[in-house]
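Observations on chain architecture
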Amino acid sequence: MKTYDYIITGGGAAGCVLANRLSADASVKVLLIEAGGADRHPLFHMPAGFAKMTKGIASWGWSTVPQKHMKNRVLAYTQAKVIGGGTSINAQIYTRGAAADYDEWERDEGATGWSYARVLPYFKRAENNQRYANEFHAYGGPLGVSNPISPLPICEAFFQAGQELGIPFNPDFNGARQDGLGYYQLTQLNARRSSTATAYLNPVRHRPNLTVMLQTMATRIVVEGARAVGVEVVSQGNRNSSVLRAEREVAVTSGTFASPKLLMQSGIGPADHLRQVGVPVVCDRPGVGANLQDHLDLFAIAECTGDHTYDKYNKLHHAAWAGIQYLLLKKGPVASSLFETGGFWYSDREKGVRSPDIQFHLGLGSGIEAGVAKMEHSGVTLNSACLRPRSRGSVRLASSDPAAAPLIDPNYWADPEDLRCSLAGLRLAREILRQPALKRFVKSEVLPGDRLRSDAELFDYGCANAKTDYHPVGTCRIGPATDPMSVVTPDLKLIGLAGLRVADASVMPRVPSANTMAPTIMVAEKAADHILGRI
Ligand SMILES: Cc1cc2nc3c(=O)[nH]c(=O)nc-3n(C[C@H](O)[C@H](O)[C@H](O)COP(=O)(O)OP(=O)(O)OC[C@H]3O[C@@H](n4cnc5c(N)ncnc54)[C@H](O)[C@@H]3O)c2cc1C
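Figured I'd write up the structure that's included with this text. What you see is a predicted model, and the numbers here were worked out from it, not measured in a lab.

In this section: the site of the ligand. Near the ligand there are 37 residues, and of these E34, G86, I93, T516 and M517 occur at the shortest range. Taking T516, its side chain carries an N or O atom lying 2.7 Å from an oxygen atom of the ligand. Protein burial of the ligand: of its 1000 Å² of free accessible surface, 96% is covered by the chains. Of all the secondary-structure elements, those providing two or more residues to the shell around the ligand are α1 (13-22), α3 (86-89), β13 (216-224), α8 (255-265) and α13 (517-531). Among the elements that take part in the shell around the ligand, β13 stands out by supplying three residues, more than any other. In terms of residue class, the shell around the ligand is made up of 17 nonpolar, 17 polar and three charged.

It is worth spelling out the pattern of salt bridges at this point. Summed over the entire model, instances satisfying the criterion amount to 31 salt bridges. Among the ionic pairs, E525 bridges to R125, the shortest N-O distance being 2.8 Å. Within this pair, whereas E525 is found in helix α13, its partner R125 is found in helix α5 (residues 116-126), the two being separated by 400 residues in sequence. Among the charged side chains, a salt-bridge network with shared partners connects D101, E104, R107, D108, E109, R354, R477 and R510.

Time to look at α5. Along α5, the residues that are buried comprise Y116, V119, L120, Y122, F123 and A126. The arc enclosing the buried residues of α5, seen along the axis, measures out at 170 degrees, which places them on a common side. Facing away from the buried side of α5 by more than 90 degrees, the exposed set consists of A117 and R118. Residues of α5 that are buried sit in contact with β5 (93-94), α4 (99-109), β6 (127-129), β7 (143-145), α7 (196-201) and α13.

Position of T381 relative to the elements: it lies in strand β21 (residues 379-386). Polar contacts involving the side chain of T381 include one to the main-chain carbonyl oxygen of G365, which spans 2.7 Å. In this structure, T381 is in contact with F299, A300, I301, H361, L362, G363, G365 and S366, ignoring residues within four places of it in sequence.

Procedures and definitions
Residues numbered from 1 in each chain as written. Predicted model: local features only at pLDDT ≥ 70, side-chain atom pairs only at ≥ 80, totals over all residues. Heavy atoms only, no water. Near = heavy atom within 4 Å. Polar contact = N/O pair within 3.5 Å; in protein donor to acceptor, adjacent residues only side chain to side chain. Areas by Shrake-Rupley, 256 points an atom, 1.4 Å probe, with all protein chains shown as cover. Helix = DSSP H or I, 4+ residues; strand = E, 2+ residues; numbered from the N terminus. Nonpolar A, V, L, I, M, F, W, Y, C, P; charged D, E, K, R; others polar. Salt bridge = Lys/Arg side-chain N within 4 Å of Asp/Glu carboxyl O. Buried < 20%, exposed > 50% of the residue type's maximum accessible area, 1.4 Å probe, protein only. Arc of directions from axis to C-beta. Contact = heavy atoms within 4.5 Å.

Right, here's the structure in full:
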């Protein structure tokens, strides 16, 4: 039987970070298992390749269960199945959230050691920032972080429109303040995507003590007594499973849906559910698969007064020119992630919330993501998401068969406050698009469309059109060992079993008020220090 010191199940945002940090010690043998394949296709590396990424490439093909509070709508839910995971297919937006997010993890959720002051050094350790070097940022780390290369004039008008509404320009959402509109920093370096595969894994792939198995799915964690001792895997093209042994630890990094799925397939989870689906109970942890949170997104789309966005590159001659521009100059539309500007604001200023509860993403075109309408002429999309949802959902097994898709239930809008916040965000997005500064660029709103105004009409629109921002977290949450709903202790050890940790987005007790890639990379950086006994 093949034996390693550490086995990492999932080569996504977190898994590639761990593979790098753990294998830095030449005396330990590390195995990284990834169900998806290599990231050879050029679309993974061109920033604008994102336009194809929610439409089926390198995805598990999952969707939610019917959403009870959204007229039973089923939402498509892209999740990456490729080395680098979400960081190989995402929109490259680099945001961390508010300092208060992490302070609340520690204060309210029992995640001792995860306050902002304690996690900031891990954000900085990851970073190779091309613009900032200050109290909040660093350069020299593995992950490329850059400002947009070829911004369009409509972006500047978007910032002015915000100012006309009293929303200031913010040069750095990850700095002293989060509120305002501005350019996002992006996980790009030299006009190419910087995924954890390219930034963390590729530079160390030659290490003799690191093995990477692609197209190999972990189907079960093997437990002996009260200790995880290995992983059962199935490789593509091979009908038989095999067991690989971990002398020190198994680190589960399969993502917010697949990590609890793998644990539950292994008998680690809520005993009553495991019995229902016929999985023998190894460790009763009711919190596994619970506490699912996500950012639900409502968008407004407007038609432009001319070719002011990247929609014009749908025409062949424009696309050809864009390709040449990118190859020769590393500039132009192909160097754009298509979502390069946005910002953070308040659903209700009167409420005096501690930091913005709405996030905007300006899409430089229409139909960029799966399920979002495409305009006949050039369009522009303004997404809005409610950042601190109160609704909690779950991930459950559909059956004991590891090949079956998980039952994903974000339970959107279960809490009426989330609906209020979503509709307020949509109203703000529409208002921004109507400001005088955007008049040169924006002709008229197409969706939801001027006719729809009342809460009831916008609720109907939301039920039919809302999409996820792909920020699921929380299904293996950090918490005190005494809380039955905690899954891992603050050092990310699974409660009730030795030799097992979870170290990805699933451990976040609450979703940060931002996109979740940078926070996940931070979690993995810190996890490495826990595993190596440095903290
Ligand atoms: C379409 C999309 C757009 C996004 N845009 C942004 C953005 O612009 N900015 C941002 O900050 N965040 C964004 N995100 C979110 C961000 O990418 C995720 O928060 C992050 O990738 C989560 O990291 P993870 O390691 O927990 O999971 P993932 O990155 O999903 O990695 C999990 C990996 O495990 C593998 N895996 C699963 N099950 C198994 C198994 N049984 N055996 C072996 N391997 C397995 C998967 O194939 C995958 O590669 C986006 C996500 C998506 C999907």
